[in-house]
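Report on the structure
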Amino acid sequence: MTRLSITVDHGAITRNVERLQEHAPTAQVMAVVKADAYGHGLVESGAAAREGGATWLGVAQPDEALALRAAGDTGRLLCWLYGPELPARGLIRAGVDLSASSLEVLDTIVAAARMSGEVARVHVAIDTGLSREGVRPEALPALIDAALAADDAVVVVGAWSHLAWADRPGDPTIDRQAAVFRDALAVIEARGIALEVRHLANSAATLTRPDLHFDLVRPGIAVYGLPPVPDADGGDWGLTPAMRVTASLALVKDVPAGEGVSYGHEYTTPRDTRLGLVTAGYSDGIFRSAGGGRGPVAIGGRRHVIAGRVCMDQVVLDLGPDATERPGDEVVLIGADGPSAREWAEAAGTIDYEIVCRFGGLKEKHPA
Ligand SMILES: *Cc1c(COP(=O)(O)O)cnc(C)c1O
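Every chain begins its residue count from 1, and numbering advances along the sequence as written. Residue-level local features of this predicted model are given only where pLDDT is at least 70; pairs of side-chain atoms are given and counted only at 80 or more, and the full residue set underlies all totals for whole chains, interfaces and linings. The side-chain values count all of the structure's non-hydrogen atoms but skip hydrogen atoms and water molecules.

Structural notes on the overall build of the protein chain
Note the threshold: Here a strand is any run of E in DSSP of at least two residues, a helix any run of H or I of at least four, and the numbering for each starts at the N terminus. Relative accessibility decides the category of a residue: with a 1.4 Å probe and only protein chains considered, values under 20% of the type maximum give buried, values over 50% give exposed, and everything between is partly exposed. We call two residues in contact when some of their heavy atoms are within 4.5 Å. Note on areas: these come from Shrake-Rupley sampling with a 1.4 Å probe, and a residue is covered only by the protein chains present in the view. The convention is simple: Lys and Arg are positive, Asp and Glu are negative, and His and the chain ends are not counted. Think of each charge as sitting on NZ of Lys, CZ of Arg, CG of Asp or CD of Glu.
Along the backbone of the protein chain there are 11 helices and 17 strands. Taken along its principal axes, the extent of the C-alpha atoms in the protein chain is 80 × 40 × 35 Å. Considering the protein chain as a whole, with its 368 residues, one finds that 54% of them fall into the buried category. For the protein chain, the proportion of contacts with a sequence separation of at least 24, taken over those separated by at least 6, is 66%. Accessible surface, the protein chain: about 15300 Å² in total, of which carbon and sulfur atoms supply 52%. Put simply, the protein chain has 34 plus and 48 minus side-chain charges, and the middle of one group is 2 Å from the middle of the other.

Quick word on the packing of helix 10 (residues 341–348) against helix 11 (residues 352–360)
Threshold: Where helices are involved, their axes are fitted lines through C-alpha atoms of the stretch in contact, as for all axes, and angles between N-to-C directions lie from 0 to 180°. Note that the term roughly parallel is reserved for angles under 35 degrees, roughly antiparallel for angles over 145, roughly perpendicular for angles of 65 to 115, and oblique for everything else. Gly is placed with the polar residues, together with every amino acid not listed as nonpolar (Ala, Val, Leu, Ile, Met, Phe, Trp, Tyr, Cys and Pro) or charged (Asp, Glu, Lys and Arg).
Interhelical geometry of helix 10 versus helix 11 gives an angle of 100 degrees and a closest axis separation of 8 Å. One way to sum up the angle between helix 10 and helix 11 is to call them roughly perpendicular. Facing helix 10, whose interface residues are Ala341, Arg342, Trp344, Ala345 and Ala348, helix 11 presents Asp352, Ile355 and Val356. Taken together, the residues that form the contact of helix 10 with helix 11 break down as 6 nonpolar, no polar and 2 charged.

What about the domain arrangement of the protein chain?
Applicable threshold: Note that domain bounds follow an automatic or database assignment of domains. A quick way to say it: buried area is the sum, across both parts, of accessible area lost when two parts are put together, with a 1.4 Å probe. Throughout this description, the term salt bridge denotes a Lys or Arg side-chain nitrogen within 4 Å of a carboxyl oxygen of Asp or Glu. For the purposes of these results, a polar contact is taken to be a pair of N or O atoms within 3.5 Å, where, inside protein, one atom must be able to donate a hydrogen and its partner to accept one; residues adjacent in sequence count only when each atom of the pair is a side-chain atom.
For the protein chain, the domain assignment lists domain 1 (10–232) and domain 2 (243–360). Contact residues are listed per partner, giving 8 residues for domain 1 and 8 residues for domain 2. Overall, the association of domain 1 and domain 2 removes approximately 690 Å² of surface from exposure, summing both partners, and the carbon and sulfur fraction of that is 63%. The tally of links from domain 1 across to domain 2 stands at 0 salt bridges. Our count for the contact surface shared by domain 1 and domain 2 stands at 1 residue pair in polar contact (both at pLDDT 80 or more). Here the side of domain 1 that touches domain 2 is composed, by residue class, of 6 nonpolar, 2 polar and no charged.

Okay, here's the thing in structure tokens:
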């Protein structure tokens, strides 16, 4: 029996990319489809993003890039997360642009390109202050010189970095990182390299910092319709959430006031009421931290919260004394007619990125 149903509206992804392109009219859009497109399905989401005008796709892992190529994607594609063990030959042969964060990685790319007689397209990653991937600015000249010395095997087509606090507009780290990035671009260009694409902006910077769009923006979460920050009206920038998560009501029963509900009796019925049982729990991906009156759901447009603890395969709702819900009713965990991923994030003490990755990762387990 299907306990959770996870469906993705890929048309929404297409429309969201169109919206993002409108917000960044002078830049190309790279839709970030790492982590199975944030749980939305790598290949289908990549195709939907292309349809919306994404001239680039971005992934972290080499196998994600190869999976896109195997599925027939032929557009520009950047892959950025690996050590010197990366399968560079296969990626170069597949026409995947590669990020270089270190001399070791560049060496691997150069050796692989020479072996296959091809020229690899490289984007230099610069650590402008996130202290994650990328070469530190002081080590940048040596990396560029190494790339130039291997110009039979690699061509530097891009330079990029990633922001630490883009989702806190006005944070001083944003301008500081942008300044370090501009200095790094000057170092690269002073060596005679004509960069095809300079890129820095994630979703939040795409929406809030037009001055940081450069040649290419790299939105991820917004592609899936989840706004990283509210717009000026407290709204959603015209984005549409693509993921819907539902379960069904298995049992409805009346209980008197004062009954303990679920393990540990953390919830006690405050009045005579009607309880509803939903057959999905933490083994199905529902965050256990969302118990205790936090995790939100909607049934027929009426909102409820999880009463008491989230169990392994079930949760209980207090539907109230006047409840008209019936066994078999659809319970919406995330959807246009129910809670948002952000509400679930607040309930579970996390971010909406983790919510969609988690629920999306359950698609195989719970085919729609
Ligand atoms: C994940 C990621 C993005 C997209 O970030 P969002 O906040 O989801 O827009 C962009 N660039 C890099 C390097 C990333 O790792």
